[in-house]
Amino acid sequence: MACPTKRGVVLVADDDPVMRLLMLQMLGQVGLDGVEAEDGARAVALMRELRPDLILMDVDMPNMDGFAACKAIRDDAAGATVPIIMVTGGDDIEAVTNAYEAGATDFVSKPINWPILGHRVLYVLRASDAIARLRIADAQNRAVLAAIPDTFFRLNRDGVYLDYERGHDAGAGLSDSDCVGRHITEVLPREIAERLLEQMENVLATQQIRSVEYELLRGGSAQHFEARLVATGPTEVLGLVRDISERKRTEEQIRRLAYCDSLTGIPNRQAFLETLERELHRSKMGNKKFAVLFMDLDAFKRINDTLGHNVGDHLLQLVSERLRETTRPSDMVSRGDQATNLARLGGDEFTILIPDLERVEHALNVAHRVKEAMRRPFLIEGNEIFVTASIGISLFPEDGDDCNSLLKYADTAMYHAKNCGKNNAKLYSSSLTMQIMSHVKLEVGLRKALGNDELYLLYQPQFDVHSTEIVGVEALVRWRHPERGVISPTEFIPLAEETGLIVPIGEWVLRTACSQARNWQRQTRRSVRMAVNLSAKQFKDENLSQIVLSALHETGLDPRFLELELTEGTLMDDAKATLATLEQLRRIGVYLSIDDFGTGYSSMNYLKRFDVRALKIDRSFICGLPQDSENAAITRAIIAMAHGLKMVVVAEGVETGEQLVLLQQYGCDLVQGYHLGHPVPGDSIAQKLVGVVQAAG
Ligand SMILES: Nc1nc2c(ncn2[C@@H]2O[C@@H]3COP(=O)(O)O[C@H]4[C@@H](O)[C@H](n5cnc6c(=O)[nH]c(N)nc65)O[C@@H]4COP(=O)(O)O[C@H]3[C@H]2O)c(=O)[nH]1
């Protein structure tokens, strides 16, 4: 017979001393101690005093019968849970009913089967012990559930709520009366309910915890929840629901920080790449096309450098704002999520994704709209700032089928647009890559050209209109490329300017030209003025006057015989700095002229202050003469104006005798052009000069 580890105490209440004795004996045999009470009142008093583990209570007793004693014990907090076995008469069914009503745990009938009673007592003690432990566990569970803020519920396999306890963080959520006994689809939106039911099946099948996140609209705003489901039996799950709105808000903030450009508030490179990746996947699945536009502001660096970073930053904000407005129309975006279609990759680079592209013209139209939007002035700190944009476009699937290639090709096309004169939009084509490759190859070659002696000069004579004598020459550089043959300066000078190579190349031209002019003087005893082109980069080089001085000094050429040709653009770019450089050159004593006059904007006022000695009328005005009356009028006006400012006028690009005669009539001073002489090597000029001397002699 199993015995409890601790010896239990049983209170035996009976008015019959023989019965009490027998009971005490029976208890002793099963390892229990007994205490006696001769009536009900005494039993109640001993229960309070000794707190027995079980009570055996006879029904018929004097003073207070068993029913009354049982009730009194139950009414007392100390006796509320103690197991009470009532001892009733033989077939007294009514007594049994009364016993349970009075709060008895069990009953035995007389005559008593003593060995069975021992077992019965032990069984009731064990059951009571288990109930006590359950009661503690239940209290603990309730304490835990009360301490956590979550709502919890129980669902049966059919999806009906068995229980619902609203958590203290749930605010104005559902209550148990909304849920208990109802099916989950009647309580929650169908889509959410179905997800929960699906996970519930998983939980029951695997006995593992699953969680479901969902969103509910409450009081006009979205609230986020996470329900964790755990099986509590083969057909039941317990759900713990937590409000995760705050966590979602934090996650959203972190996402925004990671995916938003902090300056402009639009998506950043990372966000764009992810959008592009998604679009690529979507377009591949749906057999659709899309375009990537890559936009870069022309001359943004200059704005940043001259007006400061604050203005630069402000400009980028306004640009992104304008892009946002421009890319808003419905034809841009066929889906809701339009914000991420526009992004700033960094610096002044922006990208736009055009999904569901039906025709390429569509992408070109958007590019055109963007270009036009950028052309409107931006007002910053009271200044009107003008910018233009260059745009490159790549297409899926025509140009590539991965994000990196599409972005790279749009970038390549953008560079091409810039090279084509800025404020341009260009589509990518595979031949572009070839072009760019050859551009890069040319640059590598140009870097070596100086050291490899591949550059040389030709000289084009300039004649006095009246005496038809050579009074000067213009030095024009050529590049004898080892593979491609002779390359024109119109091809490599822009590249040299872009890469900064123009500074060493220009210095070489200057020294070579000065040395050539000095050689002619020695050979022919004739002095002609040597004109050398100066690019804007050279002009801005702070060592310019030093280089000019040293070239003159080394070759021994008189400064009067060196002419520096500048374009209008170079002069007008930064009038203040220009004045200082021009003043240094004037002090050296060199001759200054303006090349390609009429093609840019120059202020006459400045020209006077700059102490420029000659204007070269651009050949685009001369080539239409004499038929083109408009150009004729412009040419005459330039000559009159230059003479008014005491400047000499040189006409470039004279190709016919008629043009020469006309220019003579207009009073032009000097002429240069194929009609009078092509650019030729130095020796040919020497022969011409000797010829002139001999003819004169
Ligand atoms: N159609 C036509 N063209 C004529 C005629 N007469 C002369 N030309 C061409 O017109 C250009 C005049 O030079 P530019 O306006 O200074 O224009 C020059 C100049 O801006 C630049 N360049 C040439 N050499 C140098 C240099 O050493 N340094 C710098 N910075 N630029 C240079 O390259 C440009 C082109 O030079 P080139 O190809 O040598 O072309 C030369 C010359 O060959 C004519 O009657 N008809």
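None of the values given here were measured: they were computed from a predicted structure.

Novice: Sorry if this is basic, but what is going on with a negative patch on the surface here?
Specialist: Together, D15, D16, D60, D65, D92 and E94 line one region of the surface with negative charge. Assignment of secondary structure puts D60 in the loop between strand 3 (54-58) and helix 3 (66-75). A residue is classified by how much of its surface remains accessible, and D60, at 59% relative accessible area, is exposed.

Novice: Is there a simple way to explain the site of the ligand in this structure?
Specialist: The ligand sits among 21 residues. The nearest are Q460, D595, R619, E655 and Y674. At a separation of 2.9 Å, a nitrogen atom of the ligand approaches a polar side-chain atom of Q460. With respect to the ligand, the side chain of E655 contributes an N or O atom lying 2.5 Å from a nitrogen atom. Here the ligand loses 85% of its free accessible area of 800 Å² to cover by the protein chains.

Novice: When you look at the sheet that holds strand 3 in this model, what are you seeing that I'm missing?
Specialist: In sheet architecture, strand pairing relies on hydrogen bonds along the backbone and comes in two forms, parallel and antiparallel. The sheet built from five strands is open, its strands ordered 2-1-3-4-5 with parallel pairing. Each of the sheet's edge strands pairs with one partner strand only, and the pair in question is strand 2 (33-37) and strand 5 (106-109). This sheet shows a mean twist of 20° between the axes of neighbouring strands, independent of strand direction. Both strand 1 (residues 9-13) and strand 3 contribute to a ladder of four bridges, which runs parallel. Looking across to strand 3, one finds that V12 is bridged to L56. Strands strand 1, strand 2, strand 3 and strand 4 (84-88) of the sheet are contacted by helix 1 (residues 17-29), whose axis makes an angle of about 165° with strand 2.

Cut-off values and rules
Along each chain, residue indices are assigned from 1 in the same order as the chain's sequence is written. Residues qualify for local features only when their pLDDT is at least 70, as the model is predicted, and side-chain atom pairs are given and counted only at 80 or more; totals for whole chains, interfaces and linings, by contrast, use all residues. Side-chain metrics in this entry use all non-hydrogen atoms of the structure; hydrogen atoms and water are not considered. A residue counts toward a patch only above 30% relative accessible area and without a salt bridge, and it is joined to like-charged neighbours within 9 Å or, for Val, Leu, Ile, Met, Phe, Trp and Tyr, to nonpolar neighbours within 5 Å. A 1.4 Å probe and the Shrake-Rupley method give the accessible areas. Residues count as covered only by the protein chains that appear here. What counts as a salt bridge is simple: a side-chain nitrogen of Lys or Arg found within 4 Å of a carboxyl oxygen of Asp or Glu. Lys and Arg are tallied as positive, Asp and Glu as negative. Neither His nor the chain termini are counted. In plain terms, the charge of a residue is placed at NZ if it is Lys, CZ if Arg, CG if Asp and CD if Glu. In this description a helix means any DSSP run of H or I spanning at least four residues, a strand means any run of E spanning at least two, and both kinds are numbered starting from the N terminus. With a 1.4 Å probe rolled over the protein chains alone, any residue whose accessible area is under 20% of its type maximum counts as buried; one over 50% counts as exposed, and the rest are partly exposed. What makes a residue near a molecule or strand is one non-hydrogen atom of that residue sitting within 4 Å of it. For this analysis, a polar contact is any N or O atom pair within 3.5 Å, provided that within protein one partner can donate a hydrogen and the other can accept it, and provided that sequence-adjacent residues contribute only side-chain to side-chain pairs. Strand pairing is defined by DSSP finding a minimum of two bridges between the two strands. For helices, the fitted line uses only the C-alpha atoms of the stretch in contact; every axis is such a line through C-alpha atoms, and the angle between N-to-C directions lies from 0 to 180 degrees. Residues count as neighbours in contact if any of their non-hydrogen atoms are within 4.5 Å of one another.

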